[in-house]
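Overview (structure and organization)
Single-letter residue listing:
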Amino acid sequence: MYVCMCHGFTDSQVRQAVADGCRSVAAVYRCLADRPQCGKCVPHVRAMVKGAPPCARAAALLAGAAAGAGD
Ligand code: FES
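Report follows, based on the coordinates. What you are looking at is a predicted structure, and each value in this text was computed from that prediction instead of being measured. (Residues numbered from 1 in each chain as written. Predicted model: local features only at pLDDT ≥ 70, side-chain atom pairs only at ≥ 80, totals over all residues.)

**Focus on the nonpolar core**
- Judged by nonpolar contacts, V3, C4, F9, V14, A17, V18, C22, V25, V28, Y29, C41 and V45 together constitute the single largest core of 12 residues.
- Breaking this core down by element, the ones donating at least two residues are β1 (2–4), α1 (11–19) and α2 (25–32).
- What Y29 contacts, discounting residues up to four positions off in sequence, is D34, R35 and P36. (Core = buried A, V, L, I, M, F, W, Y, C linked by C-beta atoms within 7 Å. Buried ≥ 20, exposed ≤ 12 C-beta atoms within 10 Å, placed from the backbone. Helix = DSSP H or I, 4+ residues; strand = E, 2+ residues; numbered from the N terminus. Contact = placed C-beta atoms within 7 Å.)

The following block contains the structure:
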């Protein structure tokens, strides 16, 4: 499904960008299209970024912090 009609990118492209490490709306746009034009797609991209699990590196850092919290 198309997410952004101005740049013609799809939800699967956004999911792939997030899986590749984009963890903000700005990062997704830099990866796929430089920057939004009309901005109508920004809320949808934001929801997809927020719903994504943390990247492997962030998860490892969070796990390490949690393990050390009880020391
Ligand atoms: S629909 Fe994405 S910038 Fe316009």
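The rest of the description comes next.
**What about the environment of M5?**
- With respect to the element layout, M5 can be found in the loop between β1 and β2 (9–10).
- Taking the C-alpha atoms as reference points, M5 and C38, 33 residues apart in sequence, are found 9.4 Å from one another.

**Some thoughts on the packing of α1 against helix α3 (residues 42–50)**
- Contact geometry for α1 and α3: axes closest at 10 Å, N-to-C directions at 45 degrees. As summarised for this structure, α1 and α3 are arranged oblique, according to the angle between their axes. Pair α1 / α3 crosses with right-handed handedness. Side by side, α1 and α3 meet where D11, V14, R15 and V18 of the first sit next to V45, M48 and V49 of the second.
- Of the residues assigned to the contact of α1 with α3, the class counts are 5 nonpolar, no polar and 2 charged. (Axes fitted to C-alpha atoms, helices over the stretch in contact; angles between N-to-C directions. Parallel < 35°, antiparallel > 145°, perpendicular 65-115°, else oblique. Left-handed = near helix turned anticlockwise from the far one by under 90°. Nonpolar A, V, L, I, M, F, W, Y, C, P; charged D, E, K, R; others polar.)

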